[in-house]
Amino acid sequence: MPELPDLEVIAAVLAPRIVGKAIRGAEPLHPAFLQSTEPPLSAAEGREITGTGRRGKYLILHLSGGLHFVVHLMRAGWIWHGPSRYTATKSTVFRITLDDGNELRVIEPGHPKLSRGWLLPSLDREPLSELGVEPLSEDFTLERFKGLISGRRRQIKKLLVDQKLIAGIGNAYADEILFAAKLSPFRYAHTLSDEEIERLWRAIPEVLRWAIAEIKAKVGDGLYQEEERSFLRVHGRAGSPCPECGAPIKEILLGGQRTDFCMECQHVDELPGGGRIYG
Ligand SMILES: [Zn+2]
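Residues numbered from 1 in each chain as written. Predicted model: local features only at pLDDT ≥ 70, side-chain atom pairs only at ≥ 80, totals over all residues. Heavy atoms only, no water.

Summarising the metal site, the zinc ion is bound by the protein donors Cys 242 (SG), Cys 245 (SG), Cys 262 (SG) and Cys 265 (SG), whose distances to it range over 2.3 to 2.4 Å. Given the relative accessible area of 0%, Cys 262 is considered buried. (Donors = N, O, S within 2.8 Å, 3.2 Å for Na, K, Ca; no water. Buried < 20%, exposed > 50% of the residue type's maximum accessible area, 1.4 Å probe, protein only.)

This next bit is on the packing of helix H1 (residues 4-18) against helix H5 (residues 194-219). The axes of two packed helices give the description: the angle between them and the distance between them. Direction vectors running N to C along H1 and H5 enclose 45°, while the axes themselves pass 9 Å from each other. Accordingly, the angle class assigned to the pair H1 and H5 is oblique. Our pair here, H1 against H5, has a crossing hand that is right-handed. From H1, Leu 4, Pro 5, Asp 6, Glu 8, Val 9 and Ala 12 reach across to H5, where they touch Leu 208, Ala 211, Ile 212, Ile 215, Lys 216 and Val 219. (Axes fitted to C-alpha atoms, helices over the stretch in contact; angles between N-to-C directions. Helix = DSSP H or I, 4+ residues; strand = E, 2+ residues; numbered from the N terminus. Parallel < 35°, antiparallel > 145°, perpendicular 65-115°, else oblique. Left-handed = near helix turned anticlockwise from the far one by under 90°. Contact = heavy atoms within 4.5 Å.)

All right, on to the nonpolar core then. Among the nonpolar cores identified, the biggest contains 64 residues, and Phe 69, Ile 166, Tyr 173 and Leu 200 are the most heavily contacted of them. Looking at which domains feed residues into this core, each of domain 1 (4-130) and domain 2 (142-278) supplies at least three. Setting aside residues up to four positions removed in sequence, Ile 166 forms contacts with Gly 132, Val 133, Pro 135, Phe 140, Phe 145, Leu 148, Leu 160 and Ile 204. Grouped together as the second largest cluster of nonpolar side chains are 8 residues, Ile 60, Leu 120, Leu 128 and Ala 167 included. (Core = buried A, V, L, I, M, F, W, Y, C linked by side-chain atoms within 4.5 Å. Domains from an automatic or database assignment.)

If you walk through the whole model with that rule in mind, you get 7 aromatic pairs. An angle of 15° between the planes, with centres 4.7 Å apart, marks the rings of Phe 33 and Phe 94 as stacked. Taken as a pair, Phe 33 in the loop between strand E1 (23-28) and strand E2 (49-55) and Phe 94 in strand E6 (residues 92-98) lie far apart in primary sequence, 61 residues in all. A residue is classified by how much of its surface remains accessible, and Phe 94, at 2% relative accessible area, is buried. Ring centres of Phe 186 and Phe 261 lie 5.2 Å apart, and the angle between their planes is 90°; on these two criteria the pair is classed as edge-to-face. Of the two residues, Phe 186 is situated in the loop between helix H4 (171-180) and H5 and Phe 261 in strand E10 (residues 257-261); the sequence distance between them amounts to 75 residues. Residue classification places Phe 186 among the buried residues on the basis of a relative accessible area of 10%. (Phe/Tyr/Trp six-rings, centres within 6.5 Å; stacked < 30°, edge-to-face > 60°.)

Pasting the structure below:
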């Protein structure tokens, strides 16, 4: 599933291709895609795309006159941009036709189709209004972070991926952040010392910025179908040697969610029960 760094790069890659172009038409090709009803989709016609952006794991297209297209790619959606003359495949769930002969499509192979879109009159509406702090913004201060996690009787990985607390971090980058902070994903937030909380807080923007730079370097100005994850240090690396200490990276599968970590570097004393362990 694309996370903050992926969406950040997609928004940056799209900007020079579509900003300044006018929308000829917008059409959902799957009935569940469009989640908003007011304004109607036809309100986007004739408007210019004035910018691209991101909030959490949502991609945003800003339109002239104060409207915004918001897209969530969910598990397997991706963005395609190219000439309108290429016939849309059966996997296309949404398309925007531009005045320069190109189209922007949301493509999602397989079933069920989970990607969703909204045409919003302002950015403080659902689904964006439910999101927590942006971890790359100035608002993400140590004080704010402490307020979000201090004393919480929840595992820190679960807090990191809670979009209502911090927006944009998913399973993969939560693993990378916890590895960088040398903290066990299974620790409960209320057991963290002030020093550990600060270490975790520093690791969040560091890891996300590092990932954005790595993805940009790999994809250049291209759009991609699968997330670029080849540079990750622990996530998806079960069985490989830890890049820091050489011990095998472990993976535990709990409730369909996998967590990858280094027992040594992250001081994992105890594994949660009930999970299947690999590596
Ligand atoms: Zn290690």
